[in-house]
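Summary of structural features
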Amino acid sequence: MTATLVVIGHGMVGHRLVDTLRELDRDRRWRVVVLGEEREPAYDRVRLSAYLGGRSRAELSLVAHEFLADPRIEVRSATTAVHVDRRARTVRTADGDVLPYDALVLATGSRPFVPPVPGREHGNCFVQRTLEDTDALRAAVRPGRPAVVVGGGLLGLEAAQGLQLLGMRPHLVEAAPHLMPAQLDTEAAHVLRHGADRLGLRLHCGTTVTAVNAGAHGAVRSVTLGDGTVLDADLVVFAAGVRPRDDLPVTPALRLGDRGGYLTDALCRTSDDRVWAVGECAAVRGRCHGLVAPGYRMARSVARQLTGRPDEPLGAMDTSTELKLLGVHVATFGSTSGEDGAVEMTFRESVSRYAKVFLCRDTGVLLGGILAGETGSRADLAARVGRPPAADLERVLFPDPSF
Ligand SMILES: Cc1cc2nc3c(=O)[nH]c(=O)nc-3n(C[C@H](O)[C@H](O)[C@H](O)COP(=O)(O)OP(=O)(O)OC[C@H]3O[C@@H](n4cnc5c(N)ncnc54)[C@H](O)[C@@H]3O)c2cc1C
């Protein structure tokens, strides 16, 4: 007999889950209804900066024709789930439809965090999470005019460069003493800063935006920084992190992680054995992940469970990152926490390149590392994680540019 799976959220991870289920469900046990609040079916959110730069919606789409044509799958775009009744096992949509389910997957992602800065509600203040956000941002671009990006992490840097490529003159404001504080140490950030300066981004680290000031028509005109500096700005982009979307009314309520997100075990199961959570909205063993690779791992795990396959509990997740900034290479691979007494080795060459690797103290195997500047490729190094590092590690990290 066919059972019904409802997936709430047709983003990158919700889509991967359904696509994997299609492949694994050879007995055609499941009929799937996917509810997506956005007008567009799933697309490559990671490439929104490319979209800002002029790529088309079609180029970002993740949804193949066969997927939409599959009679087992019903995609309802522009449809928001507004309530889950776990006792009745139903999901209600904003249109008033009530959908029964046998299994439910929450894949609602995150929403951008906008710090409570006075004036953040003024016109021409943006976030960049969706295609629509990006359309609105692009429409406000004025070549030659100044802009301010709040947040010097991956997304803030990408947004700043995107605006610059469209001809604006962006400032970037980061509260921490250096860029990408979640991923980089001071020295790697120094290489990044050098590259970002060369690209012409105007960086302000170790300070915050304390007010967004409006001009005559209610649109932003400038921002004030913590030290009183006023930066002219025709638009502001907040890229100050994300928060899991865990506020869908569910009765009885599901448990949340201490820092938000639907709390799950290592198999993405919530406290209700018919309800899973995957992607950025899931607090897997209490921890949310703001990257797509861990989400894809969760999607595969749940698709396997739904099709009766055993799955190893999710262990350490791949939290590798790579900045997609043209002209500056910065990346991390494997574990960069230096936990458990890992041995650290650092390599540097003026301000042009820097690498730090972490080796297991007992076994000597490569645990992970940080790369900045003209270093070896992250993929090559990531492939060696869990194995002894190459004998010519320094040459792998700093290949000769003439080859
Ligand atoms: C500009 C940008 C650049 C990025 N770059 C990188 C990168 O380089 N590397 C990387 O690993 N990650 C990157 N990310 C993060 C990556 O996009 C996310 O990790 C990934 O999209 C998470 O997938 P998800 O399915 O959990 O959430 P999402 O892709 O956000 O999908 C969630 C979907 O659920 C929908 N939804 C929410 N609530 C409801 C509801 N009640 N009813 C119906 N639908 C609902 C949302 O509208 C959304 O469409 C980037 C993100 C952005 C915004």
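The residue numbers shown here count from 1 along each chain, following its written sequence. With pLDDT at 70 or above as the cut-off, local features in this predicted model cover only qualifying residues; side-chain atom pairs require 80 or more to be listed or tallied, and sums for whole chains, interfaces and linings still use all residues. Here the side-chain values reflect all heavy atoms present in the structure, with hydrogen atoms and water set aside.

With an unreviewed UniProt entry as reference, the protein chain is termed Nitrite reductase, source organism Streptomyces caelestis. Its UniProt record gives the protein chain the following Cofactor (unreviewed entry) comment, quoted word for word: "siroheme". Per its UniProt entry, the protein chain bears the Pathway (unreviewed entry) comment "Nitrogen metabolism; nitrate reduction (assimilation)." UniProt positions are given in the numbering used here, feature names are shortened, and annotations may be inferred rather than shown by experiment.

The subject of this paragraph is the site of the ligand. Taken together, 29 residues lie around the ligand, and E38, R45, R129, E280 and K324 are the ones closest in. We call two N or O atoms a polar contact when they sit within 3.5 Å, provided that within protein one can donate a hydrogen and the other can accept it, with sequence-adjacent residues counted only if both atoms are side-chain atoms. Within the backbone of M12, a nitrogen or oxygen atom sits 3.3 Å from an oxygen atom of the ligand. One of the side-chain N or O atoms of R245 is found 3.4 Å from a nitrogen atom in the ligand. To measure how exposed things are, a 1.4 Å probe is used in the Shrake-Rupley method; for residues, cover is taken only from the protein chains shown. Contact with the protein chains removes 94% of the 1,000 Å² of surface that the ligand exposes when unbound. A run of DSSP states H or I qualifies as a helix once it reaches four residues; a run of E qualifies as a strand once it reaches two. Both are numbered from the N-terminal end. If you tally residues by element for the shell around the ligand, the top one is helix α1 (residues 12–24), at three residues. Classifying every residue of the shell around the ligand gives 11 nonpolar, 11 polar and seven charged. Shared between two domains, the shell around the ligand holds at least three residues of each, these being domain 1 (3–109 + 245–307) and domain 2 (113–241). Whether a residue is near a molecule or strand is decided by its heavy atoms; if any one of them lies within 4 Å of it, the residue is near. For this classification, Asp, Glu, Lys and Arg are treated as charged, while Ala, Val, Leu, Ile, Met, Phe, Trp, Tyr, Cys and Pro are nonpolar and the rest, including Gly, are polar. Each domain span listed reflects an automatic or database assignment of domains.

Lining residues are those with an atom within 4 Å of a point, where the points come from a 1 Å grid over the protein atoms alone and group into cavities, where a 1.4 Å probe fits but cannot get out, or pockets, open sets with protein on both sides within 12 Å along at least five of seven lines. Grid points are joined across faces, edges and corners, and a volume is the space filled by probe spheres set on the points. Taken as a whole and assessed by the stated rule, the structure comprises one cavity of 30 Å³ or more. Its volume calculated, the largest cavity comes out at about 40 Å³. As for the largest cavity, its lining consists of V18, L21, R22, D25, W30, V32, R72 and I73. Breaking the lining of the largest cavity down by element, the ones donating at least two residues are α1 and β2 (30–35). At three residues, the largest contribution of residues to the lining of the largest cavity is made by α1.

Before going further, it helps to examine the sheet that holds strand β25 (residues 353–359). When DSSP locates at least two bridges between a pair of strands, those strands are taken to pair. Strand order in the open sheet made by the five strands is β22-β23-β26-β25-β24, with antiparallel pairing throughout. The two strands at the open ends of the sheet, each matched to only one other strand, are β22 (321–322) and β24 (343–349). Relative to β25, β24 runs antiparallel, the two sharing seven bridges. Bridging from a neighbouring strand, T346 pairs with K356 of β25.

Moving on: the layout of surface pockets. If you add up the space inside the second largest pocket, you get close to 290 Å³. Forming the boundary of the second largest pocket are 13 residues, of which S49, A50, L165, K324 and L326 lie nearest the centre. Among the elements of the structure, α2 (48–52) and α6 (154–165) are those that each provide at least two residues to the lining of the second largest pocket. The dominant element in the lining of the second largest pocket, judged by the number of residues it contributes, is α6, at four residues. Classifying every residue of the lining of the second largest pocket gives five nonpolar, four polar and four charged. Taken domain by domain, the makeup of the lining of the second largest pocket includes at least three residues from each of domain 1 (3–109 + 245–307) and domain 2 (113–241).

Between side chains of opposite charge, a pair can form when the charged atoms approach closely. Salt bridges are defined by distance alone: a side-chain nitrogen of Lys or Arg within 4 Å of a carboxyl oxygen of Asp or Glu. Evaluation of the coordinates by the stated rule reveals 25 salt bridges. R57 is paired through a salt bridge with E40; the nearest N and O atoms lie 2.7 Å apart. Taken together, the residues R57 in helix α3 (residues 57–60) and E40 in the loop between β2 and α2 connect sequence positions 17 residues apart. Partly exposed describes any residue whose relative accessible area lies between the buried limit of under 20% and the exposed limit of over 50%, with all areas from a 1.4 Å probe on protein chains only and scaled to the type maximum. On the basis of relative accessibility, which here comes to 27%, the residue E40 falls in the partly exposed class. The residue D197 makes a salt bridge to R193 at a minimum N-O spacing of 3.9 Å. Taken together, the residues D197 and R193, both in helix α7 (residues 186–199) and four residues apart, mark about one turn of the helix. The exposure class of D197 is partly exposed, given its relative accessible area of 40%.

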